[in-house]
Amino acid sequence: MQNNEASAAMEVEAVPSVARTLPPKPKFKPLKAHEMSDGQVQFRKVSVPPHRYSPLKKAWMDIYTPVYEQMKIDIRMNLKARKVELKTRQDTPDISNLQKCADFLHAFMLGFDLVDAIALLRLDELYVESFEIKDVKTLRGEHLSRAIGRLSGKGGKTKFAIENATKTRIVIADTKIHILGSFANIKVARDSLCNLILGSPAGKVYSKLRAVTARLAERF
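Residues numbered from 1 in each chain as written. Predicted model: local features only at pLDDT ≥ 70, side-chain atom pairs only at ≥ 80, totals over all residues. Heavy atoms only, no water.

1. As for helix α5 (residues 96–110)
Between its terminal C-alpha atoms α5 stretches 21 Å, which fits the 21 Å expected from 15 residues at 1.5 Å a residue. Taken residue by residue, α5 has N97, L98, C101, A102, F104, L105, A107, F108, M109 and L110 as its buried positions. A positive backbone phi angle near 120 degrees is found at G111, which sits one or two residues after α5. (Helix = DSSP H or I, 4+ residues; strand = E, 2+ residues; numbered from the N terminus. Expected span 1.5 Å × (residues − 1). Buried < 20%, exposed > 50% of the residue type's maximum accessible area, 1.4 Å probe, protein only.)

As structure tokens, this is what we get:
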């Protein structure tokens, strides 16, 4: 009996084990911007305030060239609706370009110089923040006029000093204040402007600003 079992074991041939090879990983081409949005065209509309109509007309070609040629976004002016319309194209390299262009135009409409606003197309870490004087302190009549005067200083001296120290750009349009810059720099500039609105003399604000900017310079 044992001999039969041994002979049966001998007859079984060892089947060579075949190594299982996995199928190769699929290689997909990166999606284009219009494919990410299921081939749908995306739009943005930016309103043009009446007082920015003439500057927009003068600077139209300077606005059109970087938006159309570099960012690959279609742009047109809707004269009836008084809005600038933006639209993605088949060859738009990145879907975020549309929002960048909308932010750039919005900054220009708020009153920033074209050279400053165009930085929004080039850099990712830039923002525009807006607030009103009444958000900080309720002022009326001459008190409000004096506060606006303190913000800009004689010949815009105070405004320029804050801009240069914090590497931001500031637009003071009546009681509205717009700041363009990086997040940390906007905070420093906003604190300085709020102190001026609350009644701090310019000298005190300058000395605080010097200390803060020195700290910021050490950090980077």
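2. Looking at the confidence of the model for the protein chain
Averaged over every residue, the pLDDT of the protein chain is 85; residues scoring 70 or more account for 88%. Here helix α1 (residues 2–11) is the element of the protein chain with the lowest mean pLDDT, 55, and strand β6 (residues 176–181) is the one with the highest, 94. (pLDDT = per-residue confidence, 0-100.)

3. Quick notes on the nonpolar core
Formed by 30 residues in total, the largest nonpolar core has its most connected members in I63, L86, F104 and L105. The set of elements that each furnish at least two residues to this core consists of α3 (53–58), α4 (60–70), β2 (73–78), β3 (83–88), α5, α6 (114–117) and α7 (119–122). In terms of residues, this core owes the most to one element, α5, which gives nine residues. Residues within four places of I63 in sequence aside, it is in contact with L56, I75, F104, L105, F108 and L114. (Core = buried A, V, L, I, M, F, W, Y, C linked by side-chain atoms within 4.5 Å. Contact = heavy atoms within 4.5 Å.)

4. Regarding the sheet that holds β3
Strands belonging to one sheet form pairs held by backbone hydrogen bonds; the direction of such a pair is parallel or antiparallel. With respect to topology, three strands assemble into an open sheet ordered β1-β3-β2, the strand pairing being antiparallel. Both outer strands of the open sheet, β1 (43–47) and β2, are each paired with one neighbouring strand and no more. When the angles between neighbouring strand axes are averaged without regard to direction, this sheet yields 20 degrees. The sheet contact formed by β1 and β3 spans five bridges and is antiparallel. When the sheet's bridge partners are listed, V46 is paired in β3 with V84. (Pairing = 2+ DSSP bridges. Axes fitted to C-alpha atoms, helices over the stretch in contact; angles between N-to-C directions.)

5. Focus on the pattern of salt bridges
On inspection of all chains with the given rule, the structure shows 10 salt bridges. A salt bridge links R76 to E85, with the nearest nitrogen and oxygen atoms 2.6 Å apart. Looking at R76, the relative accessible area reads 52%, which means it is exposed. Taking the shortest distance from any N to any O, the salt bridge between K187 and D191 comes out at 3.4 Å. Taken as a pair, K187 and D191 lie in helix α11 (residues 183–197) at a separation of four residues, close to a single helical turn. Given the relative accessible area of 43%, K187 is considered partly exposed. Its relative accessible area of 34% is what places D191 among the partly exposed residues. Among the ionic contacts, a cluster of salt bridges with common partners joins D74, K87, R89 and D91. (Salt bridge = Lys/Arg side-chain N within 4 Å of Asp/Glu carboxyl O.)

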